[in-house]
Structures are given as C-alpha cells and as structure tokens.
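A structural walkthrough
Here are the chains, one letter per residue:
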Amino acid sequence: MGFSVTASGIIVMAVLLISVLSMVSVIMKGYGMITSSIERKALSSVRSSLSITYITNVTVNQNNLTMTFIFSNNGSWSFWDFDHFDFILIYTSNKTNSESSKVLVYGRDWNITAILINGGLVERFNGVVDPSESGIVYASLPPDISFSQPITIVFVNQYGFKASYTFYSGV
C-alpha cells in the first residue's frame, strides 16, 4: 500500500508540475506578444512624429496643365530621397468621365523648384528639405484631367508616411 501511495503522489506532483510549467509558458508567450505589440506601436508613433508632411497652397494653371503646391516638413527627419517619394494624382478623366489616377515621377513629371524657410524666405533647392522647411513643388498634369471635378494629391515621403489633399480647381 505504501508503494501505491508514493506512486500516486509522484504522478500528482508530475501533473501539477506540468500544469504549472504550461501556465508559465502561456503567460510568458502572452507577455512577449504584448511587449512586441507595444514596441511596434511606439516605434510607429515615433517614426510618424519624425516624418510629418502637409500640403498647402495648391495653384493650378489650366492653360499650361501645371500645378504648384507647398509641402511642409514638420517632422524632425530631413527629406532627401525624392526618387523614393510617391506622388499620385487622383482625378476625373474628361475623356472617360471616370476616376483615374496617375503616378508622377520625380525629375520627369514633378520637381522641387525652391525651399521656403520659416519666416517666408525662399532659397534655392539644394536636394534636401530639412525639418521646419517647405518644398515648392512644380508638377505637370495629365492632358485628360477634368478641372470641374475634385482633384486629390497623395504625397508619400521616403519614410512611407503620406499626406493627401483634395481640392477643386473649378471651371
């Protein structure tokens, strides 16, 4: 009888030990997932605050099919890799009367003509838009754009953060 009680005790202890280890494993896995999630969210928030962009002062020249606007770098990272910016124009085509989009290519369809420094000082563009500076963008518009419908600019910087601006040019 003593042997069966000892064997039963060992079995109960083994089951309890396995249960405790399983629970610890589940708790540690949950803790790891929560920690990872918080870290990703914090990193995303930090990167976002370091790379804030706004679009303002859109002007359209309907005769030349061109547009200018100002994009502000209100973050704390400089913009310099404009080949990796995405500039997407969403508009209504006057040929198909349906929504169209066009990706404008830096250096061909759009470029930065000058830098606007805080206080309104305009400087020559040197390839970098530093924090608290703004770039003055000159862009060519597609020939089938309808000016009587809304036009949306989607501007994604080299860090992957976007600014969008919808406006009516009016006819």
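A quick note: this is a predicted structure, and the numbers were derived from the prediction, not measured.

Here we come to the sheet that holds strand S8 (residues 150-156). Ordered by their spatial adjacency, four strands build an open sheet running S4-S3-S8-S9, and the pairing between neighbours is antiparallel. Each edge of the open sheet carries a strand with a single partner, namely strand S4 (99-104) and strand S9 (162-168). Strand-to-strand twist across the sheet, computed as the mean angle between neighbouring axes with direction ignored, equals 15°. Where strand S3 (residues 86-92) lies against S8, five bridges are found, and the strand directions are antiparallel. Looking across to S8, one finds that Leu-89 is bridged to Ile-153.

With that out of the way, let us pick up the nonpolar core. A general tendency of soluble globular proteins is for nonpolar side chains to be buried together. Core analysis: the biggest nonpolar cluster contains 26 residues, and Phe-71, Phe-87, Trp-110 and Phe-155 have the highest contact counts within it. Among the elements of the structure, strand S2 (66-73), S3, strand S5 (110-117), strand S7 (133-140), S8 and S9 are those that each provide at least two residues to this core. Ignoring sequence-local partners within four residues, the contact set of Trp-110 consists of Phe-82, Phe-85, Phe-87, Leu-104, Val-105, Val-137, Tyr-138, Ala-139 and Phe-155.

Turning next to the environment of Thr-68. Tracing the backbone shows Thr-68 in strand S2. Residue Thr-68 is classed as partly exposed on the basis of its relative accessible area, which comes to 29%. In this structure, the C-alpha to C-alpha distance between Thr-68 and Tyr-138, residues 70 residues apart in sequence, is 4.5 Å. Dropping the residues within four chain positions of it, Thr-68 is found in contact with Asn-57, Val-58, Thr-59, Val-137 and Tyr-138.

Domain annotation for the chain reports domain 1 (1-50) and domain 2 (53-168). Using only C-alpha atoms to locate each centre, domain 1 and domain 2 end up separated by 51 Å.

Parameters at a glance
- Residues numbered from 1 in each chain as written.
- Predicted model: local features only at pLDDT ≥ 70, side-chain atom pairs only at ≥ 80, totals over all residues.
- Heavy atoms only, no water.
- Pairing = 2+ DSSP bridges.
- Helix = DSSP H or I, 4+ residues; strand = E, 2+ residues; numbered from the N terminus.
- Axes fitted to C-alpha atoms, helices over the stretch in contact; angles between N-to-C directions.
- Core = buried A, V, L, I, M, F, W, Y, C linked by side-chain atoms within 4.5 Å.
- Buried < 20%, exposed > 50% of the residue type's maximum accessible area, 1.4 Å probe, protein only.
- Contact = heavy atoms within 4.5 Å.
- Domains from an automatic or database assignment.

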